[in-house]
Each structure stands twice: as C-alpha cells, then as structure tokens.
Amino acid sequence: MVISEKKDFFYSPGNALSFCNNKLTSYSDLQMLLTVCLIKPRIWTHSLAQILHKLRLSGLALVGLHAVTLEKSNATSLLSAESDRSDLEAHVEYLCSGSSLALCLQGENAVGRLLNVLGQDDPSLWTSYGMARSYNGIYASGSYQRAIQDVKRLFPEGLCCAETSTMRQEQILSMRSDSLASLEREQSFMLAPVAPESWSPSMESGPNEVIHSADWQTTCLLIPVNAPPLSQVPSQLDMLEQLLRSGCHLVACRMSVLDNEQRKHIAETLKVSPRGDEKMAHLNTAPCVIVALQGKGIMTSFNMILESIYKERSDLEKVGKTIIYPESQKEAKQLICYLFDALSPESYPTIVP
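Draft legend 1. Geometry of the overall build of the protein chain. Check the secondary structure of the protein chain and you find 16 helices and 11 strands. Looking at the 353 residues of the protein chain, the share that counts as buried comes to 54%. Within the protein chain, residue pairs in contact and separated by at least 24 positions form 82% of the contacts whose partners lie at least 6 positions apart. Of the roughly 16000 Å² of accessible surface on the protein chain, 51% is carried by carbon and sulfur atoms.

Draft legend 2. Quick peek at helix H14 (residues 302–312). All of the buried residues in H14 are Phe302, Ile305, Leu306, Ile309 and Tyr310. Seen end-on, H14 carries its buried residues on one side only, within an arc spanning 140 degrees. Opposite the packed face of H14, turned more than 90 degrees from it, sit the exposed residues Met304 and Lys311. Along its buried surface, H14 packs onto strand S8 (216–224), helix H11 (236–245) and helix H15 (317–320).

Draft legend 3. Region of interest: the packing of aromatic side chains. Applying the stated criterion across every chain, the model contains 1 aromatic pair. Centroid distance Phe302 to Tyr325: 4.7 Å. Interplanar angle 65 degrees. Geometry classified as edge-to-face. Here the residue Phe302 occupies a position in helix H14, and Tyr325 occupies one in the loop between H15 and helix H16 (329–339), the gap between them amounting to 23 residues. With relative accessibility at 3%, the residue Phe302 sits in the buried group. Here Tyr325 falls in the buried class, since its relative accessible area comes to 15%. Here the basic side chain of Arg254 rests over the ring of Phe340, its NZ or CZ set 4.9 Å away from the ring centre.

Draft legend 4. Layout of helix H2 (residues 44–58). Helix length check: H2 (15 residues) gives 18 Å between terminal C-alpha atoms against 21 Å at 1.5 Å per residue, more than 12% under. Along its length, H2 reaches its greatest deviation from straightness, about 40 degrees, at Gln50. A positive backbone phi angle near 70 degrees is found at Gly59, which sits one or two residues after H2.

Draft legend 5. Just the pairing of strand S3 (residues 100–108), in detail. Within S3, 8 of the 9 residues are buried, leaving the element largely enclosed by the surrounding structure. Pairing of strand S1 (residues 32–39) with S3, which is carried by 8 bridges, proceeds in the antiparallel orientation. For Leu34, the partnering residue across the bridge sits in S3 and is Gln106. For strand S2 (residues 61–68) and S3, the ladder comprises 7 bridges, and the chain directions are antiparallel. For Leu65, the partnering residue across the bridge sits in S3 and is Leu103.

Draft legend 6. Region of interest: the pattern of salt bridges. What the rule picks out here adds up to 9 salt bridges. Between Arg168 and Glu163 there is a salt bridge, with its nearest N and O atoms 3.1 Å apart. Look at Glu163 and you get partly exposed, because its relative accessible area is 41%. Connected via shared salt-bridge partners are Arg146, Asp150 and Arg153.

Draft legend 7. Structural context of the environment of Asp150. Residue placement: Asp150 occurs in helix H6 (residues 144–154). Of the residues examined, Asp150 reaches a relative accessible area of 0% and is grouped as buried. Between the C-alpha atoms of Asp150 and Ala140, which are 10 residues apart in sequence, the distance is 9.4 Å. Those residues in contact with Asp150, other than ones at most four positions away along the chain, are Val36, Leu78, Tyr139, Ser141 and Phe155.

Draft legend 8. Expanded view of the packing of H2 against H11. Between H2 and H11, the least distance of the axes is 9 Å, while the angle of their chain directions is 160 degrees. In terms of orientation, H2 lies roughly antiparallel with respect to H11. Considering the relative orientation of H2 and H11, their crossing is left-handed. Contact residues: Trp44, Thr45, Leu48, Ala49, Leu52 and Arg56 in H2; Leu237, Asp238, Glu241, Leu244 and Arg245 in H11. Split by residue class, the contact of H2 with H11 holds 6 nonpolar, 1 polar and 4 charged.

Procedures and definitions
- Residues numbered from 1 in each chain as written.
- Predicted model: local features only at pLDDT ≥ 70, side-chain atom pairs only at ≥ 80, totals over all residues.
- Heavy atoms only, no water.
- Helix = DSSP H or I, 4+ residues; strand = E, 2+ residues; numbered from the N terminus.
- Buried < 20%, exposed > 50% of the residue type's maximum accessible area, 1.4 Å probe, protein only.
- Contact = heavy atoms within 4.5 Å.
- Areas by Shrake-Rupley, 256 points an atom, 1.4 Å probe, with all protein chains shown as cover.
- Arc of directions from axis to C-beta.
- Phe/Tyr/Trp six-rings, centres within 6.5 Å; stacked < 30°, edge-to-face > 60°.
- Lys NZ or Arg CZ within 6 Å of the ring centre and 35° of its normal.
- Expected span 1.5 Å × (residues − 1).
- Bend = angle between axes of the 7 residues up to and from the residue.
- Pairing = 2+ DSSP bridges.
- Salt bridge = Lys/Arg side-chain N within 4 Å of Asp/Glu carboxyl O.
- Axes fitted to C-alpha atoms, helices over the stretch in contact; angles between N-to-C directions.
- Parallel < 35°, antiparallel > 145°, perpendicular 65-115°, else oblique.
- Left-handed = near helix turned anticlockwise from the far one by under 90°.
- Nonpolar A, V, L, I, M, F, W, Y, C, P; charged D, E, K, R; others polar.

In structure tokens:
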C-alpha cells in the first residue's frame, strides 16, 4: 500500500478545488481504513441533519463517536497544518469554546471518500468567531498518517468494531467494555448546581431563568446501534438530531460497548432484567450511543417528546422503541455518575465529588 503525503485538511472552497486536482491516496490493494471527522462547536447542534446527509454519501461505517471539549494542545495540533496562521490563536480559542462532535469512520479509501463528500462548500457549516473571522465547521483527516494520529488522540479507548489488520498494525484498540463506567464514581459523586463564577460564556448568555428552575432536568439514554451490517451512518444519529431539535441539550455523548457486568449493573439500576427485558437484550449484541441530555421537564415528558418525533419521522419509531432510559431522577443521577466522569462546560448541573 502506497500513501502519498498531504497537509491536513480543513475543507473550504479553495482547498476543495485543490482536492479535486490532487489525489490524496493511492492503494495497491483496498483495505478497511479509518478517518476522523470533527464537527466544531455550535455547528453540529443545529446542522447535524445536513452533516449526516453528507456522511451517508461517503458510504463509510461509523465505528466511533465522542462529544469532546478540546484542550488547547489538541486544538493547536489539529490546526498545525493550516496555511494561514494569522488568526491561529482565535481559531484555537473557538475550538476550545464548546463541545465538538468527533466521529471515526471506516471503509475502503476512507480518507479520500470522506474528503470527497465534504469537498463542496455548504454555507450552513461556516461560523464566525472573534474579529469576524469565518471558519469551516468540519475538520477531516487529510492523510492516512494524520487519520491514525487523530484516531489515537480522540479515541484512545478504542473503536466499536472488530479488529482489522490496519488496527492491529497501528495498535488501535477494539473496544470490549466501556472504560469510563465506574461503580466507585457512582457511589461517591453527585450532580450539583454550577456556581455562577464557574459559568461558561454560553451559560451566561443562555436562558438562565429556565436552567435554574425546578423544571430543568438531566437524563441519560442508551441507544443500541443494532442495524447490522454497520455499512453507513446509523439512523440512531437521526434520532439524536431530532431530540436536539425538540429542545433537548446534549451535554455528553459517546459510542461504546458494554461488557456483561456493566450491562447487569445498568439493568439493576433501572430495575429491569438484563436478559428478560427486550431493550436490554439489544446491548448484548451491539454497541450503543450513550447520551446525557438536559432540558425543561425532560424526565417527566420524555415519552411525549418521542411521540412528537414519531409524528414527523415515523421511520424513527423502531429506533425509539429500543432506547433505554431511567424512569426517575434518582435513577438518572445514578446512571449519569456511573457512565460519565464529566459533562460539557455548557452543562447545568454538573458532576462533582
């Protein structure tokens, strides 16, 4: 396999044209390769539908997903190959200003195929920050070597797929259990309000009269990704997009695999049978998307939210029937502290010892 070198890629009208005129990769044999797509802060929360459409055009399989708040070092590393470095500091600040959604995709010629579908400019995926600078809303790995670095940086816990020769060669893990789940943390941590001096900028400008009210609730969902083969972006992400549209606020999210003990503990927390319950049975054979959501009355009205989604998207009812979620705030708090070590900076409340 021969892979040509190229600078890492933040697509824009200019470098979309250069992609059309430059072959990024060439292969003597096709393999199941990996690439990373990072959807930047405040872009994915309102443009997920358009992004999912683009990703489906690539025909690649989703094998990793993680909502992540980048540290300055990681953000700087992603931007290291940018040709225009005059506003690097402002761009880094923007990348660190909120949660990004990282996706790992797998397939033949993964890097080239993803860049190909991202090559056409979409004005809805641009944002402004600082001195009216415009930044494209999606980062994509620009070479095979960079893709491997991105996977190791953003998905150190591993991927939700069987081990391939590429993964074995590059020492990328195939997930067998969830590395964040912690019984000790569940027993010693809690959800608590955020002190005003710790508010993030987005909280200060948001509807604080709502999030400080008794109606503002936090819940946790487990959405099995049980549509084999995983040959495309799954409809479970369409459900996530619809939940965001309905007024839910995502404060943590990842794709993971649960082992027997983890599934058993979740079943005990939710007071269901890990084997007898049909929903729990889906977790035995498939990865799942683990989500923490906040919103006004989200615990007490979640079934109504789902019903409203089915009216617009009847095709998502099958997905909705598989979602595992707590029935009480006590169960929700236990599950969140068990499955997450932190929520996003925009979260209210947050996880504390």
